[in-house]
Amino acid sequence: MSDANKKTYKLDHDLIFKLAAIHCSYQEIADIVGTTVHNLEKRFKHVIEKARSEGKRSLRKAQFDKALQGDVRMQIWLGKQYLGQADQPTDEENTAPLPWEE
């Protein structure tokens, strides 16, 4: 097929961005916008990567906002993720067994 006979169509950049921001897979995005995964990877990879980063940022902000509003479960979860906190902390200085004398 020559370049003059190639079928051209315009894809909705905003829709691709929105779908990628909620972490739809390449296949899901391709199915919804009516193209192929190959075409998305070739023409929209940078858009999809930027949208996924934006989606992660939005989710992280929502989690922090929830924690700062007093959601104890979110505070605990974020503490474990970012502060190295654990449900059962270990005292690493005193983990050696006691000497056994008979």
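Further up the page is the structure itself.
The text that follows walks through the structure, step by step, so that each part is easy to find. Note that the coordinates shown come from a computational prediction; the quantities given were computed from them, not determined experimentally.

### Details of unusual backbone geometry
Positive phi is not limited to glycine here, since His23 has a value of about 65°. In this fold, His23 is placed in the loop between helix 1 (13–21) and helix 2 (26–33). Judged by relative accessible area, which is 40%, His23 ranks as partly exposed.

### Thoughts on the packing of helix 1 against helix 4 (residues 45–68)
Each pair of packed helices gets described by two things: the angle between the helix axes and the distance between those axes. Running from amino to carboxyl end, helix 1 crosses helix 4 at an angle of 45°, the nearest separation of the two axes being 7 Å. Between helix 1 and helix 4, the interaxial angle falls into the category oblique. Seen from above, helix 1 lies across helix 4 with right-handed handedness. Contacts from Ile16, Phe17, Ala20 and Ala21 of helix 1 reach helix 4 at Val47, Ile48, Lys50, Ala51, Arg52, Glu54 and Gly55. Its residues assigned to classes, the contact of helix 1 with helix 4 shows seven nonpolar, one polar and three charged.

### Structural notes on the side chain of Asn39
For Asn39, the position within the fold is in helix 3 (residues 37–43). Those residues in contact with Asn39, other than ones at most four positions away along the chain, are Tyr9, Leu11 and Phe44.

### What to know about the packing of aromatic side chains
What the rule picks out here adds up to one aromatic pair. Both rings, one in Phe64 and one in Tyr82, keep their centres 5.8 Å apart while their planes meet at 40°; by these two values the pair is tilted. Taken together, the residues span a long stretch of sequence, with Phe64 in helix 4 and Tyr82 in helix 5 (residues 72–83) at a distance of 18 residues.

### Thoughts on helix 2
Of all the positions in helix 2, only Tyr26, Ile29, Ala30 and Val33 are classed as buried. The buried residues of helix 2 occupy an angular sector of 100° when projected down its axis, which confines them to one face. Those residues of helix 2 that are buried lie in contact with helix 1, helix 3 and helix 4.

### Here we look at the nonpolar core
Formed by 14 residues in total, the largest nonpolar core has its most connected members in Ile16, Ile29, Val33, Leu40, Phe44 and Ile48. When contributions to this core are tallied by element, the ones reaching two or more residues are helix 1, helix 2 and helix 4. Among the elements that line this core, the one with the most residues is helix 2, at four residues. Each residue touching Phe44, except ones within four places of it in the same chain, is listed here: Leu11, His13, Ile16 and Asn39.

Parameters at a glance
Residues numbered from 1 in each chain as written. Predicted model: local features only at pLDDT ≥ 70, side-chain atom pairs only at ≥ 80, totals over all residues. Heavy atoms only, no water. Helix = DSSP H or I, 4+ residues; strand = E, 2+ residues; numbered from the N terminus. Buried < 20%, exposed > 50% of the residue type's maximum accessible area, 1.4 Å probe, protein only. Axes fitted to C-alpha atoms, helices over the stretch in contact; angles between N-to-C directions. Parallel < 35°, antiparallel > 145°, perpendicular 65-115°, else oblique. Left-handed = near helix turned anticlockwise from the far one by under 90°. Contact = heavy atoms within 4.5 Å. Nonpolar A, V, L, I, M, F, W, Y, C, P; charged D, E, K, R; others polar. Phe/Tyr/Trp six-rings, centres within 6.5 Å; stacked < 30°, edge-to-face > 60°. Arc of directions from axis to C-beta. Core = buried A, V, L, I, M, F, W, Y, C linked by side-chain atoms within 4.5 Å.

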